[in-house]
Amino acid sequence: MLVARKPSQLRSLLVLARASNLPTVWSNCLAGWLLGGGGEQAKFFWLCLGATFLYSGGMFLNDAFDANFDRQHRRLRPIPSGAIPERHVWCWGFVLLGLGAGALSCMGQTTVILTVLLIVFILLYDAIHKLVPFSPVLMAGCRSLLYLVAASVSEEGITGLAVWCALALGAYIVGLSYLARKETSRGPLQSWPCYFLAVPGVLALLINSGTYLQKALIILLSVVVWILWSLRHIFWKTQRNIGLSISLLIAGIPLLDALAVGGANMSAIFVALFFLALLFQKFIPAT
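Throughout what follows, the structure given in this document is the object of discussion. Every value quoted in this text rests on a predicted model; they were computed, and no experiment measured them.

### Quick notes on helix α2 (residues 22-35)
Side chains that are three or four residues apart share a direction in an α-helix, a result of its 3.6 residues per turn. If you check α2, its first and last C-alpha atoms are 20 Å apart, about what 14 residues at 1.5 Å a residue would give, namely 20 Å. Buried within α2 are the following residues: Leu22, Pro23, Thr24, Val25, Ser27, Asn28, Cys29, Leu30, Ala31, Gly32, Trp33 and Leu35. Those residues of α2 that are buried are in contact with α3 (41-65), α7 (135-152), α8 (160-180), α12 (242-251), α13 (253-260) and α14 (267-281). Glycine 37, located one to two residues past α2, shows a positive phi value of around 100 degrees.

### Observations concerning the side chain of threonine 52
Among the secondary structure elements, threonine 52 is positioned in helix α3. For threonine 52, a relative accessible area of 17% corresponds to the buried category. Setting aside chain neighbours within four positions, we find threonine 52 in contact with Leu22 and Trp26.

### Observations regarding empty space enclosed by the protein
This structure, assessed with the given rule, holds two cavities of 30 Å³ or more. Space inside the largest cavity adds up to approximately 200 Å³. Every residue lining the largest cavity is counted, 14 residues in all, and those nearest its centre are Leu54, Tyr55, Leu118, Ile122 and Cys142. Listed by contribution, the elements that provide at least two residues to the lining of the largest cavity are α3, α6 (109-128) and α7. At five residues, α3 tops the list of elements feeding residues into the lining of the largest cavity. Residue composition of the lining of the largest cavity, by class: eleven nonpolar, one polar and two charged.

### Description of the side chain of serine 20
Along the chain, serine 20 turns up in the loop between α1 (9-16) and α2. Residue classification places serine 20 among the buried residues on the basis of a relative accessible area of 1%. A polar side-chain atom of serine 20 sits 3.1 Å from the main-chain carbonyl oxygen of isoleucine 284. Ignoring anything within four residues of it in the chain, the contact list for serine 20 reads Ala277, Phe280, Gln281, Ile284, Pro285 and Ala286.

Rules behind the numbers
Residues numbered from 1 in each chain as written. Predicted model: local features only at pLDDT ≥ 70, side-chain atom pairs only at ≥ 80, totals over all residues. Heavy atoms only, no water. Helix = DSSP H or I, 4+ residues; strand = E, 2+ residues; numbered from the N terminus. Expected span 1.5 Å × (residues − 1). Buried < 20%, exposed > 50% of the residue type's maximum accessible area, 1.4 Å probe, protein only. Contact = heavy atoms within 4.5 Å. 1 Å grid on protein atoms, 1.4 Å probe; cavity = no way out; pocket = protein on both sides within 12 Å on 5 of 7 lines; lining within 4 Å. Points joined across faces, edges and corners; volume = space filled by probe spheres on them. Nonpolar A, V, L, I, M, F, W, Y, C, P; charged D, E, K, R; others polar. Polar contact = N/O pair within 3.5 Å; in protein donor to acceptor, adjacent residues only side chain to side chain.

Printed below as a string of structure tokens:
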């Protein structure tokens, strides 16, 4: 008789942290930092480290808060499957949030304030995202605040462009998050959340001109193609697969970051992070 093989402790930790999404977190850090003028590489390192801890801690606590739901609906998640005790997940989550706050605490008053606000959004989302219809807005707030945290550690600080790009990314997250809420639904799926996915492209067309607009159009074309390719698993397939579409849309976040900083000659790095996210998703689920 075959016995199901228990996943390794390391894999369970990576699944809890949604580690496949970390390239998108680093991409957000790079974009926000560049939009604020860049600066010292040492600060950028601590920024990425702190963001990694905060994201991972938030994802751990997401599973901790959802433990009862997962026991009924997602029994293969690490807590209901018995891979990791629930109390350990709670501890890991708060320790990681503390490490993230510590890594960013020496970056200045503005960064500290934004980091505290980001942690509040993370905890609020984790605690109530199953209970309220506006939880995608809280998720979007987490990503937008990460942009601003990244900009705050750069030479010029939080610029107007960084704020607008943070809001555009937030709109994209609202769209994919509302689609994700319908993952277990069997009824017809409304298409209105898809309009939010277009906001970063609209912003790029509004703020760019001349040679910058030409570069933006090239990146925007790749973004549009990727969004449509991702959405086909929801709207143009006989067998709907919302989970796959959401995973692909998450992996596409670095392309949005490339669009935001299109004139900074960093497109290759964002493209590399995009493919890295896709590669990681082959081993660790994104959702």
